[in-house]
Amino acid sequence: MRIDLHTHSNVSDGTETPAELITAAAAAGLDVVALTDHDQTSGWDQARVTAQDLGIGFIPGMEITCQDSHGISVHLLSYLHDPSYQPLLDELAVSLNSRIVRAQRIVERLAEDYPISWELVTEHCQPGATVGRPHIADALVTAGVVAHRNEAFANILSSRSRYYVSHPAINPAAAVRLVREAGGVPVFAHPKAALRGRVVPESTVHEMIEAGLGGVEVYHRDNSAEGKEQLLALASEHDLIVTGSSDYHGTGKLNRLGENLTEPAMLERILAQGTGTSAQLQS
Ligand code: AMP
Ligand code: FE
Ligand code: FE
Ligand code: ZN
């Protein structure tokens with residue numbers, strides 16, 4: 001069983017439609033794939049239909065943007081939650097709306113030095129998609145400022161750049177509680193991704209565990225080797241689910257479908273805990 005539990009479509013910052021992504025997942029030989037777009041679930045229906053057609057298993061998911069009390073960014077994966085649970089939708093709306101204002105402010109700052117406009121960014125983002133720095137990166141590629149997203153993130157779009165602007169987002173422990181209330185299974189995404197910026201202190205992780213965290217994404221290319229060992233020890237100490245995933249973004253990132261996988265026994269635990277919506281598995 002080849003199980004990949006973290007992918008993005010163009011409903012957020014991936015480059016393929018949900019249908020194209022599921023088709024690519026089947027072609028990559030995956031048996032089960034989760035769609036986990038940032039902060040919204042509008043890709044689920046299309047992904048579900050395509051997965052049914054192609055005979056591949058589908059797990060509905062989402063990756064929630066959070067910020068801890070130290071201002072550090074946290075990504076929380078949610079599987080099988082009820083997509084209509086209003087208290088969670090209210091929190092997601094804060095993030096989705098502030099992302100637009102924030103992206104506009106980054107573009108304003110960049111426009112002082114580079115040939116970029118908000119209009120150019122919107123041409124690189126599907127209407128209604130979760131807007132983020134990757135769409136600004138795509139506009140910078142079109143404008144000839146950088147060669148690809150990765151070059152933009154290494155420099156002018158990095159969180160250390162003088163053009164960077166942050167945006168408000170839900171506290172991670174609060175997000176864990178809301179996901180559980182919505183019948184979902186909360187899994188901390190790439191907790192040890194040190195290259196992207198600061199990683200959260202142990203206190204934040206423990207607040208998330210006390211709030212009901214279900215698992216940790218251990219096998220992800222951005223986690224350091226040492227970080228993976230620490231996460232395995234944490235998972236064993238607190239009986240957490242351990243997952244592995246690609247975090248595929250189409251052509252937007254180097255990450256390839258199936259480059260990291262989740263054990264079937266771990267997927268079983270997610271299925272047993274998730275009650276907010278149903279998975280679609282092939283028999
Ligand atoms: P934002 O949500 O706007 O802060 O942008 C963060 C998003 O950018 C993450 O979801 C990543 O998928 C993406 N990202 C981060 N680093 C890179 C990179 N080096 N190349 C491409 N995409 C990246
Ligand atoms: Fe992303
Ligand atoms: Fe992430
Ligand atoms: Zn992701």
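For clarity, every value in this text was computed on a predicted model and none was experimentally measured.

### Focus on the coordination of the iron ion (ligand 2)
Every protein donor of the iron ion (ligand 2) is listed here as D13 (OD), D13 (OD), H38 (NE2) and H249 (NE2), and their distances to the metal cover 2.2 to 2.8 Å. Considering all 6 donor atoms around the iron ion (ligand 2), angles at the metal cover 51 to 147 degrees and the coordination shape is irregular. Read in sequence order, the donor residues coordinating the iron ion (ligand 2) give the pattern D-x24-H-x210-H. The distance between the iron ion (ligand 2) and the iron ion (ligand 3) comes to 5.5 Å. One end of the pair, D13, is in the loop between strand 1 (3–4) and helix 1 (18–27); the other, H38, is in the loop between strand 2 (32–35) and helix 2 (44–54), and 25 residues separate them in sequence. Considered together, D13 and H38 belong to a single accessibility category, that of buried residues.

### Quick look at the coordination of the iron ion (ligand 3)
For the iron ion (ligand 3), every protein donor is listed as E63 (OE), H75 (ND1) and H190 (NE2), and the spread of their distances is 2.0 to 2.2 Å. Spacing between the donor residues of the iron ion (ligand 3) along the chain follows E-x11-H-x114-H.

### Re the side chain of H135
You can see H135 is positioned in helix 5 (residues 133–142). You can call H135 buried: its relative accessible area is 3%. Dropping the residues within four chain positions of it, H135 is found in contact with S12, D13, V121, H124, C125 and T130.

### Some remarks on the sheet that holds strand 7 (residues 241–244)
Overall, mixed pairing links the 7 strands, which are arranged 1-2-3-4-5-6-7 in an open sheet. The open sheet has two edge strands, strand 1 and strand 7, and neither has a second partner. Docked against the sheet, helix 9 (residues 225–238) engages strand 6 (215–219) and strand 7, running at close to 150 degrees with respect to strand 6.

### Describing the site of ligand 1
Taken together, 14 residues surround ligand 1, and among them H38, R102, R133, N150 and H249 come closest. Separating an oxygen atom of ligand 1 from a side-chain N or O atom of D13 is a distance of 3.2 Å. One nitrogen or oxygen atom from the side chain of K253 is found 3.1 Å from an oxygen atom belonging to ligand 1. The fraction of the free accessible surface of ligand 1 (500 Å²) that becomes covered by protein chains is 87%. Elements that contribute at least two residues to the shell around ligand 1 include exactly helix 3 (86–111), helix 5 and helix 6 (149–154). Classifying every residue of the shell around ligand 1 gives 2 nonpolar, 6 polar and 6 charged.

Criteria and cut-off values
Residues numbered from 1 in each chain as written. Chains lettered and ligands numbered in written order. Predicted model: local features only at pLDDT ≥ 70, side-chain atom pairs only at ≥ 80, totals over all residues. Heavy atoms only, no water. Donors = N, O, S within 2.8 Å, 3.2 Å for Na, K, Ca; no water. Tetrahedral: all angles 85-135°; square planar, octahedral: opposite > 155°, others 65-115°. Helix = DSSP H or I, 4+ residues; strand = E, 2+ residues; numbered from the N terminus. Buried < 20%, exposed > 50% of the residue type's maximum accessible area, 1.4 Å probe, protein only. Contact = heavy atoms within 4.5 Å. Pairing = 2+ DSSP bridges. Axes fitted to C-alpha atoms, helices over the stretch in contact; angles between N-to-C directions. Near = heavy atom within 4 Å. Polar contact = N/O pair within 3.5 Å; in protein donor to acceptor, adjacent residues only side chain to side chain. Areas by Shrake-Rupley, 256 points an atom, 1.4 Å probe, with all protein chains shown as cover. Nonpolar A, V, L, I, M, F, W, Y, C, P; charged D, E, K, R; others polar.

Taken by themselves, the reported measurements are silent on function.
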